[in-house]
Structures are given as structure tokens and as C-alpha cells.
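Understanding the architecture of this molecule
Each chain is listed here by its residues.
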Amino acid sequence: QVHLVESGGGLVQAGDSLRLSCAASGRTFSRYHMGWFRQAPGTEREFVAAITWSSGSTVYADSVKGRFTISRDNAKNTLYLQMNNLKPEDTAVYYCAARWSGGTTPTRRNEYAYWGQGTQVTVSS
């Protein structure tokens, strides 16, 4: 089991950057595939990015490709999401999620077993 806590959200202007972090408890963080999702008011939670346990593979939603970068530091039990050139449509609550390693890089909500509480990102125009 793993417990996840996100941080780093805030209010920024369009074009700014933010880095989200997701701190994981437990000694087996390195054995989990990790992902970022987001949910804007009145919408479904959507996939943003994912990374395999070894950082050997990353996947991005088309809407963030080229602007966001997912990474992890297994020694620090931490997942990151570097967000550059933010747009108002990136405004949402951002969640990190974990799934035990195995299979392909997970991109669907129901592939993840563990979730953080979320951190708000607001981008003003």
C-alpha cells in the first residue's frame, strides 16, 4: 500500500510555470507505476501523464504534450509534474495516482489503485 500527498499547486498567470510534487509513503514506491490526472469543475477526471516504475516510459495526454514533463525520484519517494507555458484550460485539481508495476504504462483511471487528495492549480488569463 502507498499513501500519496500532492503539493505545489497555486494561482499563476497564463504562460507561467509550476512544479507539482507527490510524496509517497512506504518503502516500495519504486515498484509502482505513477500517474497524474486532473479534474476541472463539472468534468470527468482526465489523464495527464504517466511514468513507469523505472522511468523507462512516459506517456502524455495530447493537450499537455510538449509543455508538461513527468518525472520521479525513487530515492526520495517523490513524483513530479513540471508544467510550463500554462494555459487557463489547465485550471483543475491535480491528482497523483499509483499502480503496482506490471503491464503497460497505465493511462486509465480504473488502472490506478491509490490516489492523493489533490492540489488546486488555477491559471488566470
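Computed from a prediction, not measured in an experiment: that's the story for all the values here. (Residues numbered from 1 in each chain as written. Predicted model: local features only at pLDDT ≥ 70, side-chain atom pairs only at ≥ 80, totals over all residues. Heavy atoms only, no water.)

1. What about the sheet that holds strand 8 (residues 78-83)?
On the basis of which strands lie adjacent, the open sheet formed by four strands has the order 1-3-8-7 and antiparallel pairing. Looking at which strands have only one partner, the edges of the open sheet turn out to be strand 1 (4-7) and strand 7 (68-73). Adjacent strand axes in the sheet meet at a mean angle of 15°, parallel and antiparallel pairs treated alike. (Pairing = 2+ DSSP bridges. Helix = DSSP H or I, 4+ residues; strand = E, 2+ residues; numbered from the N terminus. Axes fitted to C-alpha atoms, helices over the stretch in contact; angles between N-to-C directions.)

2. Details of the pairing of strand 8
Burial within strand 8 is extensive, with five of its six residues counted as buried. Two elements, strand 3 (residues 18-24) and strand 8, share six bridges in a ladder whose sense is antiparallel. Its bridge partner being in strand 8, C22 is matched across the sheet by L79. Bridge count for strand 7 against strand 8 is six bridges, and the pairing is antiparallel. When the sheet's bridge partners are listed, D73 is paired in strand 8 with T78. In this structure, the hairpin formed by strand 7 and strand 8 is closed by a connection of four residues, where N77 is found at a positive phi of approximately 55°. (Buried < 20%, exposed > 50% of the residue type's maximum accessible area, 1.4 Å probe, protein only.)

3. Examining the side chain of E6
Mapping E6 onto the fold places it in strand 1. In this structure E6 is buried but unpaired, with R45 as the nearest side chain of opposite charge at 7.2 Å. Of note is the side chain of E6, whose polar atom sits 2.8 Å from the backbone nitrogen of C96. Within the structure, the side chain of E6 is placed 3.0 Å from the backbone nitrogen of Q117, a separation counted as a polar contact. (Lys, Arg positive; Asp, Glu negative; His and termini not counted. Salt bridge = Lys/Arg side-chain N within 4 Å of Asp/Glu carboxyl O. Polar contact = N/O pair within 3.5 Å; in protein donor to acceptor, adjacent residues only side chain to side chain.)

4. Remarks on the packing of aromatic side chains
The relation between two aromatic rings is expressed through the spacing of the ring centres and the mutual angle of the planes. For the structure shown, the criterion picks out six aromatic pairs. The interplanar angle of 80° and the centroid separation of 6.1 Å between the aromatic rings of Y32 and Y114 together place this pair among those described as edge-to-face. One end of the pair, Y32, is in strand 4 (residues 32-39); the other, Y114, is in strand 10 (residues 114-115), and 82 residues separate them in sequence. Measuring from centroid to centroid gives 5.7 Å for F37 and F47, while their planes differ by 75°, and the two rings are edge-to-face. In this pair, F37 is assigned in strand 4 and F47 in strand 5 (residues 46-51), connecting sequence segments 10 residues apart. As far as burial versus exposure is concerned, F37 and F47 are alike and both buried. Through a chain of ring-to-ring contacts, three or more aromatic side chains come together here, namely F37, F47, Y112 and W115. Over the ring of Y95 we find R45, and its NZ or CZ is 3.6 Å from the ring centre. A cation over an aromatic ring shows up here: R72 above the ring of F29, its NZ or CZ 4.5 Å from the ring centre. (Phe/Tyr/Trp six-rings, centres within 6.5 Å; stacked < 30°, edge-to-face > 60°. Lys NZ or Arg CZ within 6 Å of the ring centre and 35° of its normal.)

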